[in-house]
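Chains, contacts and geometry: an overview
The lines below spell out each chain.
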Amino acid sequence: MIKSFSLRTPKRTCLIDITGDVADAVRDLGVADGTVTVYTPHTTAAVTINESADPDVARDIDLTLRKLIPHAGDYRHTEGNSDAHIKSSLLGCSETVLISDGKLVLGTWQGVFFCEFDGPRMRKVFVASSG
Ligand code: ZN
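Described in the following lines is the structure provided in the data block. Computed from a prediction, not measured in an experiment: that's the story for all the values here.

For the rest of this paragraph, the subject is the sheet that holds strand β5 (residues 94-100). Within a sheet, each strand pairs with its neighbour through backbone hydrogen bonds, oriented either parallel or antiparallel. A sheet is described by the order of its strands in space; here five strands give the open sequence β1-β8-β3-β5-β6, paired in antiparallel fashion. The open sheet has two free edges, formed respectively by β1 (2-8) and β6 (103-104), since each of these has just one partner strand. Examined bridge by bridge, strand β3 (residues 34-39) and strand β8 (residues 122-129) share four bridges and lie antiparallel to one another. Counted as the bridge partner of Val38 is Val127 from β8. Set on the sheet, helix α1 (residues 19-29) makes contact with β1, β3, β5, β6 and β8; between it and β1 the angle comes to about 155°.

Dropping the structure here:
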């Protein structure tokens with residue numbers, strides 16, 4: 001079983017907390033115990049799990065990735081977004097989340113983030129239960 005949701009990202013790069021959307025999808029899927037895969041079918045975006053309590057953490061991750069992998073560089077890809085492709089591969093397009101009693105098994109400080117590296121644009125996220 002698979003559910004999906006869309007989001008509009010507000011700028012070229014940012015991390016967006018999608019924990020609530022993922023929890024809604026898990027509820028709709030009726031998963032009580034097991035795992036779900038949170039997957040985004042884009043080559044210039046990613047999904048990651050990190051601290052959601054302090055929004056500065058997401059800001060710091062975005063800023064540091066922009067420093068490590070600059071927008072302009074010695075890239076050959078003519079679309080002009082090689083930095084976004086590289087960041088997407090580094091972070092990955094999916095995360096597995098454990099589900100117990102219908103709830104996401106996340107640490108106190110953890111949240112699930114959609115990572116935009118070439119926005120703003122409409123994006124899609126799939127949440128798939130195993131089996
Ligand atoms: Zn490209």
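Moving on, there is more to tell.
It is worth spelling out the nonpolar core at this point. In terms of nonpolar packing, the biggest core is built from 20 residues, with Ile18, Val22, Val26, Val38, Val97 and Val112 touching the most fellow members. Those elements that place two or more of their residues in this core are β1, α1, β3, β4 (45-51), β5, β7 (110-116) and β8. Contacts of Val22, omitting those with residues within four sequence positions, involve Phe5, Val38, Leu104, Val112 and Val127. Core analysis: the next-biggest nonpolar cluster, separate from the first, contains nine residues, Leu15, Leu65, Ala84 and Phe117 among them.

Let us look at the coordination of the zinc ion. Expected angles at a metal are 109.5 degrees for tetrahedral coordination by four donors and either 90 or 180 degrees for octahedral coordination by six donors. Note on the zinc ion: its protein donors are His77 (NE2), Glu79 (OE), Asn81 (OD1) and His85 (NE2). The metal-donor distances range over 1.9 to 2.2 Å. Of note is the zinc ion, whose four donor atoms meet at the metal with angles of 90 to 150° in an arrangement that counts as irregular. Classification of Glu79 by relative accessible area gives exposed; the value is 54%. We classify His85 as partly exposed; its relative accessible area is 23%.

Parameters at a glance
- Residues numbered from 1 in each chain as written.
- Predicted model: local features only at pLDDT ≥ 70, side-chain atom pairs only at ≥ 80, totals over all residues.
- Heavy atoms only, no water.
- Pairing = 2+ DSSP bridges.
- Helix = DSSP H or I, 4+ residues; strand = E, 2+ residues; numbered from the N terminus.
- Contact = heavy atoms within 4.5 Å.
- Axes fitted to C-alpha atoms, helices over the stretch in contact; angles between N-to-C directions.
- Core = buried A, V, L, I, M, F, W, Y, C linked by side-chain atoms within 4.5 Å.
- Buried < 20%, exposed > 50% of the residue type's maximum accessible area, 1.4 Å probe, protein only.
- Donors = N, O, S within 2.8 Å, 3.2 Å for Na, K, Ca; no water.
- Tetrahedral: all angles 85-135°; square planar, octahedral: opposite > 155°, others 65-115°.

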